[in-house]
Amino acid sequence: MRFNSNGFDAKRKYKIRSTVYYVAAAGVLTVGLSYAAVPLYRMFCQAYSYGGTTSQGHDAEKVEKMHKVKDRIIKVKFNADIGASMRWNFKPHQTEIKVVPGETALAFYSARNPTNQPVVGISTYNVVPFEAGAYFNKIQCFCFEEQQLNPHEEVDLPVFFYIDPEFIEDPKMELVDSITLSYTFFESKDGLNIQIPVYAKKHG
C-alpha cells in the first residue's frame, strides 16, 4: 500500500494555517479590547452620569430649539488638576463664567509640555454637585482622548457645553447656583487604569 504524503502535508498545512489565524484573531481581539476600554468607560459614564461625570444626551435639533431660562443664572467654575506623574502645566483660561440653562457656552483650558520629551496625556472630568452632572451636557470636549504634546508645545483645549433647561424642574437643583467642572490630566502609559475618585463613588 502506497502512502499519500501529499494529502498528509496538505492537511497538516491546513491545520497549521488555521491555528495561526486563530492566534492572530485572538491577538487582534485583545488589542482591540484594550483600546476600547476608555471609550466603553466613557460611554457608560456619559449614559449614567456616574460619579458626577457629564451627560451627552443632547442632539443638534435639541440645541437649536432650546429656550434660555433667563431668570436662572448659574455660575460655572473651572478647575484643573494633574496626576502625580504628569509633567504638563495645565490650567483653565477662565476661573468662572455665568450661564443660564438652555444657553451654549464656550470655555478653554491650556496645556503645556515644559519638558524636552514628547508627553502623551489623557484626561477625566467630573461635575460638582454630582447630581448636576445629569444636566451638564458637553457638545465638544477633550476628555478621554489621548493628547500628545511635543517638547515645549502648548495647546488650547476647548469645552463647548450647555446646561439642560430641565435643570430648573429638578427639586434637587432648586438651591444650586454654582457648578464646578473639574478636569484631571494623567500621563498616558501602558497599564494606566483611570479610577473614579472615592468621594465620587460615595455620591454615585
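Above: the structure in question.
Just so you know, these numbers come straight off a predicted model, no measurement behind them.

Enquirer: How do you make sense of the overall build of the chain when you look at a structure like this?
Expert: Within the chain, the secondary structure is distributed over 3 helices and 9 strands. A buried classification covers 36% of the 204 residues belonging to the chain. Long-range pairs, those at least 24 residues apart, make up 78% of the contacts in the chain between residues at least 6 apart in sequence.

Enquirer: Could you clarify how one ought to interpret the nonpolar core in this entry?
Expert: The nonpolar side chains of a soluble globular protein tend to be buried with one another. With 34 residues, the main nonpolar core has Phe90, Tyr109, Ile163, Ile179 and Tyr183 as its most contacted residues. Residues in contact with Ile163, not counting those within four places in the same chain, are Ile74, Val76, Val99, Pro101, Gly102, Glu103, Tyr135, Phe136 and Ile179.

Enquirer: Looking at this model, I keep getting lost on the environment of Lys70. Mind explaining?
Expert: Looking at where Lys70 falls in the secondary structure, it is placed in the loop between α2 (60-65) and β1 (74-82). Lys70 sits 31 residues away from Pro101 along the chain, and the two C-alpha atoms are 7.7 Å apart.

Enquirer: Would you take a moment to explain the packing of aromatic side chains for this structure?
Expert: To describe a pair of aromatic rings, one takes the distance between the centres and the angle between the planes. All chains considered together, the criterion is met by 13 aromatic pairs. On the numbers, 5.3 Å between centres and 20° between planes, the contact of Phe90 with Tyr109 is stacked. Here Phe90, found in strand β2 (residues 89-92), pairs with Tyr109, found in strand β4 (residues 104-112); they are 19 residues apart in sequence, far enough to count as distant. When its relative accessible area of 11% is taken as the criterion, Phe90 is described as buried. Residue Tyr109 is classed as buried on the basis of its relative accessible area of 0%. On the basis of an interplanar angle of 90° and a centroid distance of 5.9 Å, the ring pair of Tyr135 and Phe167 is categorised as edge-to-face. A residue pair is termed long-range when its members are at least 10 positions apart, and Tyr135 in the loop between β5 (119-128) and β6 (136-140) and Phe167 in the loop between β8 (154-163) and β9 (178-187) qualify at 32 residues. Phe167 shares its class with Tyr135; the two are buried.

Enquirer: I tried to follow unusual backbone geometry on my own but got confused; where do I start?
Expert: Residues Val128 and Pro129 are joined by a peptide bond in cis, for which omega reads 0°. The phi torsion at His152 lies on the positive side, around 65°, for a residue other than glycine. Relative to the elements of secondary structure, His152 occurs in the loop between β7 (147-149) and β8. Accessibility expressed as a relative area gives 43% for His152, which makes it partly exposed.

Enquirer: So what exactly am I meant to see when it comes to the sheet that holds β4 here?
Expert: Remark on secondary structure: sheet strands pair via backbone hydrogen bonds, oriented parallel or antiparallel. Spatially, the 4 strands line up as an open sheet ordered β2-β4-β8-β6, and their pairing is antiparallel. Where the open sheet ends on each side, the last strands, each with one partner, are β2 and β6. Neighbouring strand axes in the sheet, compared pairwise and without regard to direction, differ in orientation by 30° on average. In terms of strand pairing, β4 meets β8 through 9 bridges, oriented antiparallel. Bridging from a neighbouring strand, Phe108 pairs with Pro158 of β8.

Enquirer: Even after reading the chapter, I still don't get the pairing of β1, so can you show me in this structure?
Expert: Looking along a regular strand, one sees the side chains alternate between the two faces of the sheet. Two strands pair when backbone bridges link them, and β1 and strand β3 (residues 96-99) are joined in this way by 4 bridges, in the antiparallel orientation. Opposite Lys75, over in β3, you have Lys98 as the bridge partner. Bridging between β1 and β9 involves 8 bridges; their strand directions are parallel. Across the sheet, the residue bridging to Ile82 is Phe185, located in β9.

About the thresholds
Residues numbered from 1 in each chain as written. Predicted model: local features only at pLDDT ≥ 70, side-chain atom pairs only at ≥ 80, totals over all residues. Heavy atoms only, no water. Helix = DSSP H or I, 4+ residues; strand = E, 2+ residues; numbered from the N terminus. Buried < 20%, exposed > 50% of the residue type's maximum accessible area, 1.4 Å probe, protein only. Contact = heavy atoms within 4.5 Å. Core = buried A, V, L, I, M, F, W, Y, C linked by side-chain atoms within 4.5 Å. Phe/Tyr/Trp six-rings, centres within 6.5 Å; stacked < 30°, edge-to-face > 60°. Pairing = 2+ DSSP bridges. Axes fitted to C-alpha atoms, helices over the stretch in contact; angles between N-to-C directions.

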